[in-house]
Amino acid sequence: MPELQTPIEELCKKLEQCGQGHLAQYLRGVTPQSARENLASQIEAIDLDELNDLIERYITNPAATPPPASIEPAPYYALDGTGPTGGWDAAQYRNAGERLIREGKVACFTVAGGQGSRLGYEGPKGCYPTSCVKDKPLFQLFAESIRANEIKHDCEIPWYIMTSPLNHDATVSFFEAHDCFGLKRDQIMFFNQGVMPSLDAKSGEMLMSDPMHLATNPDGHGGSFKALHVSGALGDMQARGIEHVSYFQVDNPHARVVDQVFLGLHATAPDSSGEFSSKMVAKASWDEKVGVFCSVDGRTEIIEYSDLDESLAKRTEAGGRLSFNAGSIAIHAISVAFIDRIINDKSAALPYHRAIKKVPYFDLSTGRPVEPSSNNAVKLEKFVFDGIPIAGRSIVVETDRVEEFAPVKNATGTDSIVSSKQLQSQRAARWLEANGTQVPWNQDGSVNATIEISPLTATCADELAGKELPVSIEPGSIVVL
Ligand code: UTP
């Protein structure tokens, strides 16, 4: 816990001014002094100046957002070579992206501060055993991909990893215990994201998780912009001459850590401001639970699946394809200049989103812990993709679902470790087949084998060319390359 900067009485006055008199009164009575200071420094880490406004806007008087005048599907650079401005040449953009990577202007940026509550895994999600045969953790898969790209492009690729106070120390120790999976320690920067207080859903009062701790939640992946700045990571990027970050989430082992074509489009396409670009995959069904890229009153943005009107979600084009087809997979390219703008320009601040959740708490009035039976608290989070409409001209690029999306979010079912492992084998099988190996496909398109290809062996099908590969794969077999 950082050292306390504000005198406790001053902090108590501030608390009283933002509707937190209950906490001021409690804080004054905490003994011994060291415990009081510890709690005070947790409170000091919260931005009390914005709290009144947030309680008003998200709890006591939430205003409905006026519906936009128009919502259209966002145009995108499609896999079939069509694009918003006509045909596009992947080779041209591959060269542009390759140049940026080789010149050391691209860093990787992983958001790994989430609570991972749906997966129900104790440690940081990035430590979760994920690859289909060797059970390599997510962090290792990314580290090996980064290393493979460094070798390919003859450069160093710095890696920025956002953690949260819940998992920071465990994340750093994990990397250090594994020798950073072959990367250099000083090319990886770990930094903590901020937290928001969990607020009582009726009164807006800050909750305590136990007698000594505030109940808090990480401030969302959108908290990354502020955290990059506060931690010094942004300054580090600027000092290293980084111009763009390749952003991906910790839970997608198929994310391409740096994608030349995507980065080339982002930085040089005529309709891109080079600030904030995104990847999409064609939606699996109209009701798939992914955000959708839309053009809202002329600006690109992501509308969450729950907010997209059902009639729009179901609308189809002449050939039967969904009109609102562009599902987000949370992979972006973002310029360092844009991150700097978001931080310094108050009018470009990202909004909060509120979620009502069940949060156990310590009741200050009774001195007892409470296990609520229904939702009792508001959690406020920022979403990184709210940066898209703030960017000048933001482009969207289609990618293949199996190639780039195998998320591990849930303990079972959709987007679980089981479905991710199936997709990992399926992708590996595709790569092998593209290089002449006979593959035992099942009727449903899955593969009847478990296949793991290390990122150090290949990060795409082309990189298997010239390697010693099996002529065929026996049904039910396990293959590691
Ligand atoms: P999710 O929205 O899937 O949330 O995060 P989560 O916290 O990981 O999992 P659940 O909802 O509790 O089950 C998407 C990505 O954003 C990161 C996560 O680590 C993941 O990579 N994230 C999310 C943060 O870095 N910070 C946050 O505050 C929230």
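Residues numbered from 1 in each chain as written. Predicted model: local features only at pLDDT ≥ 70, side-chain atom pairs only at ≥ 80, totals over all residues. Heavy atoms only, no water.

Q: I'd like to hear about the overall build of the chain, residue by residue, with values.
A: Looking only at helices and strands, one finds 14 helices and 23 strands in the chain. For a compact globule of 481 residues, the expected C-alpha radius of gyration is about 23 Å, and the chain comes in at 24 Å, within 12% of that figure. When the 481 residues of the chain are sorted by exposure, 52% land in the buried category. Excluding contacts between residues fewer than 6 apart, the proportion of contacts in the chain whose partners are at least 24 apart in sequence is 74%. As displayed, the chain has an accessible area near 21,800 Å², and 48% of this comes from carbon and sulfur atoms. The centroid of the 43 positive side-chain charges in the chain is displaced by 1 Å from the centroid of its 63 negative side-chain charges. (Helix = DSSP H or I, 4+ residues; strand = E, 2+ residues; numbered from the N terminus. Rg over C-alpha atoms; globule rule 2.2 N^0.38 Å. Buried < 20%, exposed > 50% of the residue type's maximum accessible area, 1.4 Å probe, protein only. Contact = heavy atoms within 4.5 Å. Areas by Shrake-Rupley, 256 points an atom, 1.4 Å probe, with all protein chains shown as cover. Lys, Arg positive; Asp, Glu negative; His and termini not counted. Charge placed at Lys NZ, Arg CZ, Asp CG, Glu CD.)

Q: Quick one: what's the story with the site of the ligand, residue by residue and with numbers?
A: The ligand sits among 18 residues. The nearest are V111, Q115, S117, R118 and Q193. Note that an oxygen atom of the ligand is positioned 2.7 Å from one of the backbone N or O atoms of Q115. Taking Q193, its side chain carries an N or O atom lying 2.7 Å from a nitrogen atom of the ligand. For the ligand, whose accessible area on its own is 560 Å², the fraction buried by protein is 86%. Residue composition of the shell around the ligand, grouped by class: five nonpolar, nine polar and four charged. (Near = heavy atom within 4 Å. Polar contact = N/O pair within 3.5 Å; in protein donor to acceptor, adjacent residues only side chain to side chain. Nonpolar A, V, L, I, M, F, W, Y, C, P; charged D, E, K, R; others polar.)

Q: With reference to specific residues and values, describe the nonpolar core.
A: Judged by nonpolar contacts, the single largest core of 47 residues is most densely connected at F139, W159, F175 and L265. Mapped by element, the contributors of at least two residues to this core are α5 (90-102), β4 (106-111), α6 (138-153), β5 (159-163), α7 (168-177), β6 (188-192), α10 (260-268) and β16 (326-335). Ranked by residues supplied to this core, first place goes to α6 with five residues. Core analysis: the second largest hydrophobic core is formed by 36 residues, A227, Y247, F276 and A348 among them. (Core = buried A, V, L, I, M, F, W, Y, C linked by side-chain atoms within 4.5 Å.)

Q: So what about the pairing of strand β14 (residues 292-296)? Which residues, and what values?
A: For β14, a buried count of five out of five residues is recorded, marking the element as mostly surrounded by other parts of the structure. Where burial is concerned, the two faces of β14 agree: the one with V292, C294 and V296 and the one with F293 and S295 are both buried. Pairing analysis gives three bridges linking strand β1 (residues 71-73) to β14, with the strands arranged antiparallel. Across the sheet, I71 pairs through a bridge with V296, a residue of β14. In this sheet, strand β15 (residues 299-303) lies alongside β14 in antiparallel orientation, the contact comprising five bridges. When the bridges of β15 are listed, S295 appears paired with T300. In this structure, the hairpin formed by β14 and β15 is closed by a connection of two residues, where D297 is found at a positive phi of approximately 45°. (Pairing = 2+ DSSP bridges.)

Q: Go over the packing of aromatic side chains, please, and point to the residues and values.
A: Applying the stated rule across the entire model yields 16 aromatic pairs. Aromatic pair F139 and W159: ring centres 6.5 Å apart, planes at 70°, arrangement edge-to-face. Taken as a pair, F139 in helix α6 and W159 in strand β5 lie far apart in primary sequence, 20 residues in all. On the basis of relative accessible area, F139 is assigned to the buried category, the value being 1%. (Phe/Tyr/Trp six-rings, centres within 6.5 Å; stacked < 30°, edge-to-face > 60°.)

Q: Any details on the environment of T60? Residues and values, ideally.
A: Of note, T60 is situated in helix α4 (residues 51-60). The class of T60 is partly exposed, set by a relative accessible area of 48%. Taking C-alpha positions, T60 is 7.6 Å from G204, a pair spaced 144 residues apart along the chain.

Q: Give a description of the packing of helix α1 (residues 8-17) against helix α3 (residues 33-44) that names residues and reports values.
A: Helix packing geometry: the angle between the two helix axes and the distance between the axes. Their axes nearest at 11 Å, the elements α1 and α3 cross at an angle of 45°. With respect to each other, α1 and α3 are oriented oblique. You can see that α1 and α3 cross each other, and the crossing is left-handed. In this structure, α1 contributes I8, L11 and L15 to the contact, and α3 contributes R36, E37, A40, I43 and E44. Among the residues forming the contact of α1 with α3, the class breakdown is five nonpolar, no polar and three charged. (Axes fitted to C-alpha atoms, helices over the stretch in contact; angles between N-to-C directions. Parallel < 35°, antiparallel > 145°, perpendicular 65-115°, else oblique. Left-handed = near helix turned anticlockwise from the far one by under 90°.)

Q: I'd like a description of the pattern of salt bridges, backed by residues and values.
A: Going through the model one piece at a time under the given rule, you end up with 27 salt bridges. Among the salt bridges present, the one from E9 reaches R28, with a minimum N-O distance of 2.9 Å. Of the two residues, E9 is situated in helix α1 and R28 in helix α2 (residues 21-29); the sequence distance between them amounts to 19 residues. (Salt bridge = Lys/Arg side-chain N within 4 Å of Asp/Glu carboxyl O.)

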